[in-house]
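Structural overview for review
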Amino acid sequence: MQENRDLMELMEKMAGDNEAQNQYLRKQLFFTRIFAIACCVLVAAFMVVLLKLVPPVLQTMEMAVTAMDQATETLKQASETMEMVDDALVNIRSLFEEDGLVGQSSAALTQATEKISQMDIEELNRAIGDLGAVVEPLANFFEKFR
């Protein structure tokens, strides 16, 4: 009998432990469900944020790529323009070199000035006056035949 009582006490103790374990498992199940629902809510919120943010970000990235392409094209054009300016500066520099156009023009101008200064202006005026004196009687003569 003692054995039955001991066995009964042991069985009651096991039943109590089982009940406590079941209570603990119910609490664990409750918190696991709360955690699962919270995870689902977070995933849904994350998806909504992604759906709201990703298209504008992609559009902005596309605009940035377009702007970069335009900037690249502008830089190419600027580079070509700079090369043309560099060539023009080389040509201008050649104008001012010793044998360049400016030097040649300066030499020709100096020669022309020297020749003009060597001319006797008074003698030229006198020759023009003499020519006028000769031409005037001829003009009067031909005027009579008009």
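In this report, the structure presented in the accompanying data block is examined. Please read all numbers here as calculations on a predicted model, not as lab measurements.

Attention now goes to the environment of threonine 32. As for its placement among the helices and strands, threonine 32 is situated in helix 1 (residues 2–96). Of the residues examined, threonine 32 reaches a relative accessible area of 45% and is grouped as partly exposed. Separated by 12 residues in sequence, threonine 32 and alanine 20 have C-alpha atoms that sit 18 Å apart.

For helix 1, which comprises 95 residues, the first-to-last C-alpha distance of 131 Å matches the rise-based estimate of 141 Å (1.5 Å per residue) to within 8%. The largest bend in helix 1 comes to about 25°, at leucine 53, with the proline proline 55 one to four residues further on.

Scanning the entire structure with this criterion turns up one aromatic pair. A ring pair is formed by phenylalanine 30 and phenylalanine 31, whose centres lie 5.5 Å apart and whose planes are at 65°; its orientation type is edge-to-face. Phenylalanine 31 gets classed as exposed once you look at its relative accessible area, which sits at 54%.

Right, let's get into a negative patch on the surface. Residues Glu73, Glu80, Glu83, Asp86 and Asp87 make up a contiguous surface patch of negative charge. Relative to the assigned elements, glutamate 80 resides in helix 1.

How each quantity is defined
- Numbers given to residues run from 1 along each chain, matching the order in which its sequence is written.
- Only residues with pLDDT of at least 70 get local features here, since the model is predicted, and only at 80 or more are side-chain atom pairs given and counted; chain-wide, interface and lining totals rely on the full set of residues.
- Only hydrogens and water are set aside; all other atoms, that is, all heavy atoms of the structure, feed into the side-chain values.
- Strands here mean DSSP runs of E at least two residues long; helices mean DSSP runs of H or I at least four residues long; both are numbered from the N terminus.
- For every residue, the accessible area obtained with a 1.4 Å probe (protein chains only) is divided by the maximum for its type, and the residue is called buried under 20%, exposed over 50%, and partly exposed between those limits.
- An expected span of 1.5 Å times one less than the residue number is assigned to each helix.
- Throughout, bend refers to the angle between the axes fitted to the seven residues that end at a position and the seven residues that start at it.
- Between rings of Phe, Tyr and Trp, where Trp is taken as its six-membered ring, a pair exists when centres lie within 6.5 Å; planes separated by under 30 degrees are stacked, by over 60 edge-to-face, and by other angles tilted.
- In this analysis, a patch consists of residues with relative accessible area above 30% that form no salt bridge, clustered at 9 Å for like charges and at 5 Å for the nonpolar side chains Val, Leu, Ile, Met, Phe, Trp and Tyr.
- Per-residue and other accessible areas were derived by the Shrake-Rupley procedure at a 1.4 Å probe size, with only the shown protein chains allowed to occlude residues.
- Between Lys or Arg on one side and Asp or Glu on the other, a salt bridge is scored when a side-chain nitrogen of the former is within 4 Å of a carboxyl oxygen of the latter.
- Under the convention used here, Asp and Glu are negative, Lys and Arg are positive, and both His and the chain ends fall outside the count.
- Where a charge lies is defined by one atom per residue type, namely NZ (Lys), CZ (Arg), CG (Asp) and CD (Glu).

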